[in-house]
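# Secondary and tertiary structure notes
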Amino acid sequence: MAGEGADKPRGWESWRELWRLPGYVPMMASRASQMFGFSFTPVALQVAAARHGAGEPLVTGAILFASFLPAILLGPPAGVLVERWDKRRTMFGSQLARTAFVLLAVAAPKVWAYVAVSLLMGTAQVFYLPAYRALLPEIARGDDLHMRASGLAQALEQVGSLVGIGLGAFLVVLAGVRIAFLADAAVLGLSALFALRLPPSLAGVAAGAGGRGGIWRPMVEGMRAVGASPLGREIVALVAVFTVGSVMINPLLVLVPHDLLRAPVWWFGVFELAQGAAMAALGGAIAGGLRVRRRLLIAGGFLLSGLSVAALAASRWPLVDLGLYIVFGLANTAWLTPVMALYRLEFPLALRARASAVYSMVMGASQAVGVALGGLVAAALSVQVGLWVSGGWMAAVALAMATFGLLMGADAPATGAHASTAGA
């Protein structure tokens, strides 16, 4: 990355250093299998709803909307609780709960149950994510090491995600709803067990974490900490606006093969696999020490995301869509990896879960707005118009970032969290 010396490990040497970090392997195993379920479940729920004759944009949007609500309503108080808890056990409990929730779709394969499962899975996520985000900088400390660790994490997350997306689309069609969600539950159970393999020293409970007594005061402290960090608040604000546009496509993509391409629904699985593979490839390159300025990665990722989605609206050929999905996958990793690494490093351990919960709350609100807009535009006008609006929105955010000089501090060494947590 920009500003790093030539003595930093690169390529395979960088990968080997990451794998030797205590706790990194079980953490990545838990996260990759968690991402399998995180990606498998909404795709499978949407495809299952479509197979039940409820494949309208508003129905698929409702399934996604339900998954975002918990982050909006429960995120900040959940962050306070996670600060106080053993984060290994929090990750374990969250994944175990997800396993039970998925079984509801096995017991009651109905549209109402799919919405309920999505809501419950989102509830578990508001506890899992702050714990994961708080612990990763404790495993990979320091600016360069954590950025590379985040790149490899992104690659492995996408391996789990692309397998989940592919199987989520195909298993519901080929094996049926019940078998599909039984497989989902089994992988989520593995994620819970991997979390318990983290070293006990990585409980991640800092002195005074989360404050004492009630919930309100430490929750407000977490919000103020984000507001007091120039880079932190810029990341939250910019990504929130971008997310509204990027999430507009979520209830639309599963409908693209039928509505725009006149192709079988299984093309959606092919497209998502290609996107996930591209995300994993770029994440692996970042883990190997890719020398590109972070701000350029973020701005370029925003712009390419918008242009590729706008091009999807114009395409009528599956192979062209396949190439556009690959570009979209590369663009997603380009902005997401540096953004998340920089945000985690902005805060010490005693504040990190609360800061993560603030980020999740704001993003949950943006996702809910984006899904609602995407579903409404597609229902009122067309899937094609929804894609045009989404792509234009994302490209406009990239231009605004360049015009107003946002995230200028992205390329400076992120030392605050490392220094703050060294004695934690």
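Nothing here was measured: the structure is a model prediction, and the numbers come from that model.

### Quick look at the side chain of D184
Looking at where D184 falls in the secondary structure, it is placed in helix α7 (residues 177-196). Within the buried core, D184 has no salt-bridge partner, and the shortest N-O distance to an opposite charge, that of R98, equals 7.8 Å. Among residues more than four places away in sequence, those in contact with D184 are F36, G37, F40, T41 and V102.

### Some points on the side chain of T90
Relative to the helices and strands, T90 is located in helix α4 (residues 87-107). For T90, a relative accessible area of 7% gives the class buried. T90 has contacts with V82, W85, F127 and A131, leaving out every residue within four places of it along the chain.

### Let's talk about the packing of aromatic side chains
With the rule as written, the count across this model stands at 10 aromatic pairs. For the pair F302 and W335, a centre-to-centre distance of 5.4 Å together with 50° between the ring planes defines the contact as tilted. Separated by 33 residues along the polypeptide, F302 in helix α13 (residues 294-314) and W335 in helix α14 (residues 318-345) bring together distant segments of the chain. The two residues F302 and W335 agree in class, both being buried. Taken together through their ring pairs, the aromatic side chains of F242, F302 and W335 make up a single cluster. Above the plane of the ring of Y132 lies R31, whose end atom (NZ or CZ) is 4.6 Å from the centre.

### Describing the environment of V309
Mapped onto the elements of the fold, V309 is located in helix α13. Taking C-alpha positions, V309 is 31 Å from P230, a pair spaced 79 residues apart along the chain. For V309, the residues in contact, after removing those within four places along its chain, are I249, F328, L387, S390, G391 and M394.

### Quick word on a nonpolar patch on the surface
On the surface, V241, V369, L373, W388, V389 and W393 cluster together to form a nonpolar patch covering roughly 480 Å² of accessible area. Elements with a contribution of two residues or more to the nonpolar patch: α15 (349-380) and α16 (383-403). Among the structural elements, V241 can be located in helix α9 (residues 230-247).

### Focus on the packing of helix α8 (residues 216-228) against α9
One way to put it is that α8 packs onto α9 with a least axis distance of 5 Å and a crossing angle of 95°. Accordingly, the angle class assigned to the pair α8 and α9 is roughly perpendicular. Of α9, the residues touching α8 (which contributes V226, G227 and A228) are P230, G232, R233 and V236. Classifying every residue of the contact of α8 with α9 gives 4 nonpolar, 2 polar and 1 charged.

### Thoughts on the environment of V236
Position of V236 among the secondary structure elements: in helix α9. For V236, a relative accessible area of 9% puts it in the buried group. Between the C-alpha atoms of V236 and V226, which are 10 residues apart in sequence, the distance is 8.6 Å. Look past the residues within four positions of V236 in its chain and what remains in contact with it is V226, Y343, Y359, V362 and M363.

### Overview of the confidence of the model for the chain
In the predicted model, the chain carries a mean pLDDT of 83, and the fraction of residues at 70 or more is 90%. The secondary structure element of the chain with the lowest average pLDDT is helix α17 (residues 416-421), at 42, and the one with the highest is α9, at 95. Low pLDDT, under 50, characterises residues 1-6; the stretch is placed with 20 contacts to residues that sit more than four places away or in other chains. Segment residues 417-424 is flagged for pLDDT under 50; beyond a separation of four residues in sequence, or across chains, it makes 16 contacts in the model.

### Some details on the nonpolar core
Core analysis: the biggest nonpolar cluster contains 72 residues, and F181, I235, F302, Y359 and L387 have the highest contact counts within it. In terms of residues, this core owes the most to one element, α14, which gives 9 residues. The residues touching Y359, leaving out its near neighbours within four places in the chain, are R133, I235, V236, V239, V339, M340 and Y343. Grouped together as the second largest cluster of nonpolar side chains are 25 residues, M27, A195, A287 and L349 included.

### Things to note about unusual backbone geometry
The backbone of L407 sits at a positive phi, close to 60°, despite the residue not being glycine. For L407, a relative accessible area of 3% gives the class buried.

### With respect to helix α5 (residues 111-139)
The end-to-end C-alpha distance of α5 is 41 Å, a good match for the 42 Å that 29 residues give at a rise of 1.5 Å each. Q125 marks the point of greatest bend in α5, at about 30°. With 21 of 29 residues buried, α5 is to be regarded as a mostly interior element.

Rules used throughout
Residues numbered from 1 in each chain as written. Predicted model: local features only at pLDDT ≥ 70, side-chain atom pairs only at ≥ 80, totals over all residues. Heavy atoms only, no water. Helix = DSSP H or I, 4+ residues; strand = E, 2+ residues; numbered from the N terminus. Buried < 20%, exposed > 50% of the residue type's maximum accessible area, 1.4 Å probe, protein only. Lys, Arg positive; Asp, Glu negative; His and termini not counted. Salt bridge = Lys/Arg side-chain N within 4 Å of Asp/Glu carboxyl O. Contact = heavy atoms within 4.5 Å. Phe/Tyr/Trp six-rings, centres within 6.5 Å; stacked < 30°, edge-to-face > 60°. Lys NZ or Arg CZ within 6 Å of the ring centre and 35° of its normal. Patch = residues over 30% accessible without salt bridge, like charges linked within 9 Å, V, L, I, M, F, W, Y side chains within 5 Å. Areas by Shrake-Rupley, 256 points an atom, 1.4 Å probe, with all protein chains shown as cover. Axes fitted to C-alpha atoms, helices over the stretch in contact; angles between N-to-C directions. Parallel < 35°, antiparallel > 145°, perpendicular 65-115°, else oblique. Nonpolar A, V, L, I, M, F, W, Y, C, P; charged D, E, K, R; others polar. pLDDT = per-residue confidence, 0-100. Core = buried A, V, L, I, M, F, W, Y, C linked by side-chain atoms within 4.5 Å. Expected span 1.5 Å × (residues − 1). Bend = angle between axes of the 7 residues up to and from the residue.

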